[in-house]
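# Observations on the model geometry
The chain contents come next:
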Amino acid sequence: MKSTYRITASFFLLAAAAAASAETVTVITRENAVREDCRFLTPVKIKVSYGDQLDVTAREGDWFRVKFRNAKGCIHKNAVTERTAALSEASKKGYSTTSDEVALAGKGFNPEVEKSYKGKHPELDFNAVDGIEGYRVTDDSLKAFIKDGGLKQP
Amino acid sequence: MRRLFIPAILLFLCIGHASAGIFDSIQKGFDMMSTTSDATQKAARPISDEEEYYLGRAVAARILQTYPLMKEGKLTEYVNTVGTVLALHSEKPYTYGGYHFAILDSDEMNAFACPGGTIFITKGMLMSASTEDELAAILAHEIAHISHRDGISSIKKSRWTEATAIIGSKAAQNYGPQQLSQLTGIFEGSVDDIVKTLVVRGYGKTQEYDADKAALIYLSGSGYNPEALKDVLERMVSSGKGSEGGIMKTHPGTTDRIDNIRADIPRTSADPGPLGKRTGRFTALLH
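Everything numeric here is computed off the predicted structure, so don't read it as measured data.

### Let's talk about the overall build of chain B
Counting secondary structure elements, chain B contains 13 helices and 3 strands. Counting over 287 residues, chain B shows a buried share of 45%.

### Brief notes about the packing of helix H6 (residues 132–147) of chain B against helix H10 (residues 227–239) of chain B
Residue and element names in this part refer to chain B. The interhelical angle for the contact between H6 and H10, taken along N-to-C directions, is 90°, at an axis separation of 8 Å. By the angle class used here, H6 and H10 are roughly perpendicular. Counting all contacts with H6, which are made through Asp-133, Glu-134, Ala-136, Ala-137 and Ile-138, the residues of H10 involved are Ala-228, Leu-229, Asp-231 and Val-232. Grouping the constituent residues of the contact of H6 with H10 by class yields 6 nonpolar, no polar and 3 charged.

### As for unusual backbone geometry
Glycine aside, residues mostly have negative phi angles, and peptide bonds mostly take the trans form. Its identity is not glycine, yet A:Leu41 carries a phi of approximately 70°, on the positive side. As for its position among the elements, A:Leu41 is in the loop between strand E2 (31–35) and strand E3 (44–49). For A:Leu41, a count of 15 C-beta atoms within 10 Å corresponds to the partly exposed category. Residue B:Arg149 is not a glycine yet carries a positive backbone phi of 55°. Looking at where B:Arg149 falls in the secondary structure, it is placed in the loop between H6 and helix H7 (157–168). By the C-beta count within 10 Å, which is 16 here, B:Arg149 ends up partly exposed.

### Some remarks on helix H8 (residues 177–201) of chain B
When the terminal C-alpha atoms of H8(B) are compared, their 34 Å separation across 25 residues agrees well with the 36 Å that a helix rising 1.5 Å per residue should span. In this fold, the buried residues of H8(B) make contact with helix H4 (111–120) of chain A together with helix H3 (49–66), strand E2 (111–114) and H7 of chain B. Directly beyond the C-terminal end of H8(B), a positive phi value near 85° is found at B:Gly202.

### Some points on the confidence of the model for chain B
Residue and element names in this part refer to chain B. Scored by pLDDT, chain B comes out at a mean of 83, with 78% of its residues at no less than 70. Mean pLDDT per element in chain B: helix H2 (residues 20–41) is the minimum at 38, and strand E1 (residues 100–104) is the maximum at 98. In the predicted structure, residues 8–43 sits below a pLDDT of 50 and forms 37 contacts with residues beyond four places in sequence or in another chain.

### A few points about the environment of B:Ala60
Mapped onto the elements of the fold, B:Ala60 is located in helix H3. Between the C-alpha atoms of B:Ala60 and B:Ile119, which are 59 residues apart in sequence, the distance is 8.6 Å. Not counting the four nearest positions on each side in its chain, B:Ala60 is found in contact with A:Val129, A:Ile132, B:Cys114 and B:Thr118.

About the criteria used
- Residues numbered from 1 in each chain as written.
- Chains lettered and ligands numbered in written order.
- Predicted model: local features only at pLDDT ≥ 70, side-chain atom pairs only at ≥ 80, totals over all residues.
- Helix = DSSP H or I, 4+ residues; strand = E, 2+ residues; numbered from the N terminus.
- Buried ≥ 20, exposed ≤ 12 C-beta atoms within 10 Å, placed from the backbone.
- Axes fitted to C-alpha atoms, helices over the stretch in contact; angles between N-to-C directions.
- Parallel < 35°, antiparallel > 145°, perpendicular 65-115°, else oblique.
- Contact = placed C-beta atoms within 7 Å.
- Nonpolar A, V, L, I, M, F, W, Y, C, P; charged D, E, K, R; others polar.
- Expected span 1.5 Å × (residues − 1).
- pLDDT = per-residue confidence, 0-100.

Here's what the structure looks like:
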């Protein structure tokens, strides 16, 4: 009988510990990637977008080991926050939200404000800015460039 | 054993989020506390990376009014690749919208770091570099300004305090026309502050010196020769180029900048093989 109690208690203690350590991080860049290893330029396991919530399984230096959908891999700490991206349940019920939650929910200087600013300044060429942002350096060309120039892998 | 069993169950119930009733009560308590603390936190909230990105886009559009964009595909690709390598070795490898590098069609010697990650380098500045490592040194300095959020720090504090009051109010879950107009005005003023700093006033001396020191770290981390920063600065002094405006107008004295980094240049053994390759690909594109 004693051993039954012992097993049951151990089970609950383990479950409690697991619940306590469960952690998620939220993507704070417009787009990013969960990578195979905790290094830049390793193969992409899955692409992620702003606001995606990833389950953290471990930390490795500047990287989080995460699970997202069916993929497991690493994401750099700079691409995520440990706060929530969506307005919390509390705010939906009319309670106050924290200022960080408001920022993460897209309040503040956002596309709506940019649109209004553009309206006031039609002389500004935002299409050119979009063009600059549209330029991408692929991982493969970066790797080749680094190798060819005797540079260090990040 | 019973004495252990009961606390274990209680611990599980508290941590396990399963009991909605208990948890809701705790949550409401925290929410009430956050309502009170919100008022004091509003002014303190920093500008988020996303907000920095939208400011940077407007700053970039303003700069493009004065300096036309140089549409040279291969050169733009090259500058973007060098810059991306450096950015990945910085303390802020990712920004909300990523790093982007573009060339301005101007003979003036200058470079601008728009908040959020867009970096402009003028054709004149690009041509002042004689190697890829020197180009990397110029870009590393600008990346440091983004990483240190120097552009954002030039916004008048009163503007952001006013903005957070509007952003933080419950009524502003969706902006009304008046709130949107107010926020747009604050946004516009903030963009003006940054553009004035970038183009007219320049950053503070400390910000420039810190950016130079950070650039040395990015350069050596990437495998570039950090001495290249000193080399490019020395050439600026000896050539006297740009002394009538551009980067000379907005940066501290170049000789002072050289003195500032001299002691901090990491000692590296530059391998002539890769260095030659880097210089070769640079020369093929630029000279």
